[in-house]
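A look at the structure
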Amino acid sequence: MRRSRLILVVFFVAFPLFAQAQFPEPWPKALVPERFWETLVTGNNTYVAGALPYTGLAAQRKDSAGDQHPPVTVLSCSDSRVPPELVFGRAIDDLFVVRAAGNVADTFGIASIEYAISHRWTILIVVLGHERCGAVTEALKPGQPGTRALRALVRRIRRSFDGIKTGKKPDDVRAAVIANAKASADYIVLRSKVIGDAVRDHKVGVVVAYYPMVSGKVERIPWEIPPPVK
Ligand SMILES: [Zn+2]
């Protein structure tokens, strides 16, 4: 009886220490985009459970000071409620993040992704849309926003609304967010030869995903590589 109690105590003391030492989970050795997505899912599960143990940031900061090697590029919204490193349970030198309202890439966003690919860092690109996205919700409203830059943003997002119901209900906003995220993935593949070639040659994978606000559990959205525009 005593011995079994001792084993239990050792387990409960040692297990959290062991778990902390493993965070964030090491990236896969094989450079297979799918394996990297699985690692992000594992990190997301830890985030969903509210159990992110960020204890190694000082060491990571020091270790990565000389150079970066982020194997995952994330194109996500600027929304303060969707921070990619937290959402995927990753830390310093893990994610190369491009953020703009509505998770769309402009010329500089594309340049950033090309920069990461040309340095041979990127194995996987994640395009992350999210629930209750303000930019997508604005694009769903009739009329035009007040500035030239905002009009350009909603014009881009609206282009993805072909064939979907553009209402105000949560399901309509979700459909619009998903359509926009898929169109955003199409856009970077079609508008950049560097990104398009890397994705079509399967050197770089693309995952489109949806982030629900309350659960935080990232959902993968089916997406296929668009054929090149001739
Ligand atoms: Zn948003």
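Everything below is about the structure shown above.
Below: a short report on this structure.

About the thresholds
Residues numbered from 1 in each chain as written. Predicted model: local features only at pLDDT ≥ 70, side-chain atom pairs only at ≥ 80, totals over all residues. Heavy atoms only, no water. 1 Å grid on protein atoms, 1.4 Å probe; cavity = no way out; pocket = protein on both sides within 12 Å on 5 of 7 lines; lining within 4 Å. Points joined across faces, edges and corners; volume = space filled by probe spheres on them. Helix = DSSP H or I, 4+ residues; strand = E, 2+ residues; numbered from the N terminus. Nonpolar A, V, L, I, M, F, W, Y, C, P; charged D, E, K, R; others polar. Phe/Tyr/Trp six-rings, centres within 6.5 Å; stacked < 30°, edge-to-face > 60°. Buried < 20%, exposed > 50% of the residue type's maximum accessible area, 1.4 Å probe, protein only. Lys NZ or Arg CZ within 6 Å of the ring centre and 35° of its normal.

What follows is about the layout of surface pockets. Of the volumes computed, that of the largest pocket is approximately 280 Å³. In terms of lining residues, the largest pocket is bounded by 13 residues, among which I117, R120, T122, K203 and V204 are the most central. At the level of secondary structure, the elements contributing two or more residues to the lining of the largest pocket comprise α5 (107-118) and α9 (193-200). Here the element with the most residues in the lining of the largest pocket is α9; it accounts for three residues. Classifying every residue of the lining of the largest pocket by side-chain character gives seven nonpolar, two polar and four charged. Roughly 230 Å³ of internal volume is contained in the second largest pocket. Forming the boundary of the second largest pocket are V104, R156, R159, S160, N180, A183, S184, D186, Y187, L190, R191 and V229. Element by element, the count of residues in the lining of the second largest pocket is highest for helix α8 (residues 170-191), at seven residues. Of the residues assigned to the lining of the second largest pocket, the class counts are five nonpolar, three polar and four charged.

Here we take up the packing of aromatic side chains. For any two aromatic rings, the description comes down to two numbers: the centre-to-centre distance and the angle of the planes. Counted by the stated rule, this structure contains seven aromatic pairs. Their ring planes at 25° and their centres at 5.5 Å tell us that W27 and F36 sit as a pair that is stacked. For the pair W27 and F36, one class covers both residues: buried. Here the aromatic cluster, defined as three or more aromatic residues joined through ring pairs, consists of F96, Y115 and W121. Over the ring of Y187 we find R156, and its NZ or CZ is 3.6 Å from the ring centre. Looking at R174, its charged tip hangs above the ring of Y210, at a distance of 4.7 Å from the centre.

Interpretation in functional terms is not warranted from these geometric data alone.
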